[in-house]
Amino acid sequence: MTTVTRAYVSRVAGLTVFDPNGDRVGKVRDVLVALRVDTAPPRTLGLIVEVVARRRIFVPMGRVTGLDANSVMLSSGTLNLKRFEQRAGETLVLGELLDRSVTINDSARPASVVDAAIEQTRTGEWVLSRLAVQEPGRLGRRGQLRQLAWDEVSGLSLPQTGQSAETLIATYRELNAADAAHALQELPIKRRHEVAEAMDDERLADVLGELPEAEQIVILGTLQERRAADVLEEMDPDDAADLLAELSNVDRDRLLELMEPDEAEPVRQLLKYSEDTAGGIMTSEPVILSHDATIAEALARVRAPELTPALASQVYVCRPPSATPTGRYLGLAHIQRLLREPPSTLVSGVLDDLDPLRPEAPLAEVTRYFATYNLVAAPVVDAQGRLVGAVSVDDVLDHLLPEDWRERARRG
């Protein structure tokens, strides 16, 4: 597909959504955005997609890999099928933003919103960049239709003063996950829980991953069990496993049962390993390619915005299946090497023969391995020769630092 980087929401609505295998998921019914407290364009959070039995679900914008005039393509067929529930600070473009009254800044004339365009920035983030507005006409006629940038009108942004939960949440969306976690810890307990409850699952998962484990447990405990399971599904499997390992067996098993089976299985696998081994700190979702994948495909995969820089630094080539534990592990390719080769070359032709780590390798061995080979990520392969995950340097540092390092950083 020829992906567009700007599209008006009225034209996106009704498009068919497909998973990576080309199977139909549903149809787009609306776009969810987060208004901001200043004139910056609202962040596009995701799509509201109608699936079977008219159920509407939320699909994060990070899952969208292609958008054209006829369809939307997703990066994964694994979706949270929980019925969409709107949270504080979230706005439906078609359902709530259209027909809103605004003021055109350069003329001070009133107008009403008739459409809005979402646009992908150079960083891969989607924002609500432009508005189609209509000025009032005379004698019952329609007025002039104008296309304006978001900051050329006023009346839609959140107020910059006050401490309403909605304004506070909008402010937190401008922070990276680590800074949002620190700010959250400074709030009174009641307001902290209000903000956590109002965050979308993906954002709350990112913030939880930056909190001390004690704080994670407290916040997770304030959520309804079904919501807690949804947030765990959005967390990186290794972070979810670390959090669940701190809970009682009863609570852990109950939350795992509530998670989607495809999301729970990698977490269950990680919970089998000791936390001070390669298996205990690895992620089970590195970038995995088949033996016939080209360099062009590899470079497209590592552009995914949800990947950390460490995990995006290399790809792993394996025999089918491509989900961990994979078929036979063939080797890895560094992105720096791929950038020097023709895009049509097979990744399997430029593999590094570096010996992988074993899941039971202790943390000291993992640390020496990273230092010896100057790596930021490393493969973990079991006794059967299957790739079971990858360790990234941030996970190594997280386990080498004192347990209260986040608290020390916050106090600072």
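The chain is annotated in an unreviewed UniProt entry as Magnesium transporter of Modestobacter versicolor.

What follows concerns the domain arrangement of the chain. Domain boundaries assigned for the chain yield domain 1 (6-92), domain 2 (165-271) and domain 3 (282-399). With centres defined by C-alpha atoms, the gap from domain 1 to domain 2 works out at 22 Å.

Moving on, we come to the nonpolar core. Grouped together as the largest cluster of nonpolar side chains are 48 residues, with contacts concentrated most on Leu 220, Leu 232, Val 366 and Val 391. Summarising the domain contributions, this core has at least three residues from each of domain 2 (165-271) and domain 3 (282-399). Ignoring any residue separated from it by four or fewer positions in sequence, one finds Val 366 in contact with Ala 278, Ile 281, Leu 357, Ala 361, Val 391 and Val 396.

Before going further, it helps to spend a moment on helix H5 (residues 189-198). Those residues of H5 that fall on the buried side of the exposure criterion are Arg 192, Val 195, Ala 196 and Ala 198. One face of H5 carries all of its buried residues, which in axial projection span an arc of 165°. In H5, the exposed residues that point more than 90 degrees away from the buried face are Ile 189 and Lys 190.

Another point: the packing of aromatic side chains. Within a pair of aromatic rings, the relevant descriptors are the distance that separates the centres and the angle that separates the planes. Applying the stated criterion across every chain yields a total of one aromatic pair. Taking 5.1 Å as the distance between ring centres and 65° as the angle between the ring planes, the aromatic pair formed by Tyr 369 and Tyr 373 counts as edge-to-face. Of this pair, Tyr 369 and Tyr 373 both sit in helix H15 (residues 363-373), four residues apart, which is roughly one turn of that helix. With relative accessibility at 10%, the residue Tyr 369 sits in the buried group. Residue classification places Tyr 373 among the partly exposed positions, given a relative accessible area of 42%.

This brings us to the packing of helix H6 (residues 201-208) against helix H8 (residues 225-234). For any two helices packed against each other, the geometry is given by the interaxial angle and the distance between the axes. Running from amino to carboxyl end, H6 crosses H8 at an angle of 70°, the nearest separation of the two axes being 8 Å. Between H6 and H8, the interaxial angle falls into the category roughly perpendicular. Side by side, H6 and H8 meet where Asp 201, Glu 202, Leu 204, Ala 205 and Leu 208 of the first sit next to Arg 227, Asp 230, Val 231 and Glu 234 of the second. Partitioned by chemical class, the residues of the contact of H6 with H8 number four nonpolar, no polar and five charged.

With respect to the helices, strands and loops of the structure, Glu 50 is situated in strand E4 (residues 43-50). Overall, Glu 50 belongs to the buried group, its relative accessible area being 14%. A polar contact is formed between the side chain of Glu 50 and the side chain of Arg 29, at a distance of 3.4 Å. For Glu 50, the residues in contact, after removing those within four places along its chain, are Val 25, Gly 26, Lys 27, Arg 29, Arg 55 and Arg 56.

Okay, H6 next. The periodicity of an α-helix, 3.6 residues per turn, causes residues three or four positions apart to be oriented the same way. Within H6, six of the eight residues are buried, which leaves the element mostly enclosed by the surrounding structure. If you check the start of H6, you find a side-chain oxygen 3.1 Å away from the backbone N of Glu 202, and it comes from Asp 200.

A cluster of nonpolar side chains, contributed by Leu 397, Leu 400 and Leu 401, occupies part of the molecular surface with about 260 Å² of accessible area. Its location among the elements puts Leu 401 in the loop between helix H16 (393-400) and helix H17 (405-411).

Before going further, it helps to examine the sheet that holds strand E16 (residues 329-334). Ordered in space as E14-E15-E16, the three strands form an open sheet in which the pairing is mixed. Of all strands in the sheet, those bounded by a partner on one side alone are strand E14 (288-289) and E16. One ladder, built from two bridges, connects E14 with strand E15 (residues 314-318); its direction is parallel. Bridge assignment links Ile 288 to a residue of E15, and that residue is Tyr 316.

Tracing the backbone shows Tyr 172 in helix H3 (residues 165-173). Tyr 172 sits in the buried class, given a relative accessible area of 6%. Once the C-alpha coordinates of Tyr 172 and Tyr 316 are considered, the two residues, 144 residues apart in sequence, prove to be 35 Å apart. For Tyr 172, the contacting residues outside a window of four places in its chain are Ala 180, Ala 183, Leu 184, Leu 187, Val 195, Met 199 and Arg 203.

Burial along strand E9 (residues 101-104) is one-sided: Val 102 and Ile 104 are buried, while Ser 101 and Thr 103, pointing the other way, are not. Direction of pairing for E9 relative to strand E10 (residues 109-120): antiparallel, over a ladder of four bridges. Its bridge partner lying in E10, Thr 103 is registered against Pro 110. Linkage of E9 to E10, two consecutive antiparallel strands, is achieved through a turn of four residues, within which Ala 108 is found at a positive phi near 60°.

Attention now goes to unusual backbone geometry. Going from Pro 320 to Pro 321, the amide bond is cis rather than trans, its omega being 0°. Relative to the assigned elements, Pro 321 resides in the loop between E15 and E16. Between Thr 324 and the following residue, Pro 325, the backbone shows a cis peptide bond with an omega angle of -10°. In this structure, Pro 325 sits in the loop between E15 and E16. Positive phi outside glycine occurs at Asp 99, with the angle close to 75°. Mapped onto the secondary structure, Asp 99 falls in the loop between helix H2 (93-97) and E9. You can call Asp 99 exposed: its relative accessible area is 65%. Even without glycine at this site, Ala 108 takes up a positive phi of about 60°. Relative to the assigned elements, Ala 108 resides in the loop between E9 and E10. The exposure class of Ala 108 is exposed, given its relative accessible area of 58%.

Basis of the calculations
- Each chain has its residues counted from 1, running along the sequence as written.
- Reporting of local features is limited, given that this is a predicted model, to residues whose pLDDT is at least 70; pairs of side-chain atoms are given and counted only at 80 or more, and all residues count toward the totals for whole chains, interfaces and linings.
- Hydrogens and waters are ignored; side-chain quantities use all the structure's heavy atoms.
- For the domains described, the bounds stem from an automatic or database domain assignment.
- The set of buried Ala, Val, Leu, Ile, Met, Phe, Trp, Tyr and Cys residues whose side-chain atoms join them within 4.5 Å is what this entry labels a nonpolar core.
- Burial here depends on accessible area, computed with a 1.4 Å probe over protein chains only, as a share of the maximum for the residue type. Under 20% is buried, over 50% is exposed, and the range in between is partly exposed.
- Here, residues are in contact when the closest pair of their heavy atoms is within 4.5 Å.
- Only DSSP runs of H or I with at least four residues qualify as helices, and only runs of E with at least two residues qualify as strands; both kinds are numbered from the N terminus onward.
- Our arc is simply the arc of the directions from the helix axis toward the C-beta atoms.
- The aromatic pairing rule takes the rings of Phe, Tyr and Trp, using the six-membered ring of Trp, and pairs them if the centres are within 6.5 Å, calling planes under 30 degrees apart stacked, those over 60 edge-to-face and the rest tilted.
- With axes taken as lines fitted to C-alpha atoms, and helix axes fitted only over the stretch in contact, angles between N-to-C directions fall between 0 and 180 degrees.
- Roughly parallel refers to an angle under 35 degrees, roughly antiparallel to one over 145, roughly perpendicular to one between 65 and 115, and oblique to any angle outside these ranges.
- Side-chain classes are defined by residue name, with Ala, Val, Leu, Ile, Met, Phe, Trp, Tyr, Cys and Pro counting as nonpolar, Asp, Glu, Lys and Arg as charged, and the others, Gly among them, as polar.
- Under the rule applied, a polar contact is a pair of N or O atoms within 3.5 Å (in protein, one hydrogen donor and one hydrogen acceptor; residues adjacent in sequence only if both atoms are side-chain atoms).
- What makes a patch is a set of residues exposed beyond 30% relative accessible area and free of salt bridges, joined within 9 Å when like-charged and within 5 Å when nonpolar (Val, Leu, Ile, Met, Phe, Trp, Tyr).
- Residue exposure ignores everything except the shown protein chains as possible cover, and the areas themselves are Shrake-Rupley values with a 1.4 Å probe.
- Every case where a carboxyl oxygen of Asp or Glu lies within 4 Å of a side-chain nitrogen of Lys or Arg is listed as a salt bridge.
- In short, DSSP must find at least two bridges between two strands for them to pair.

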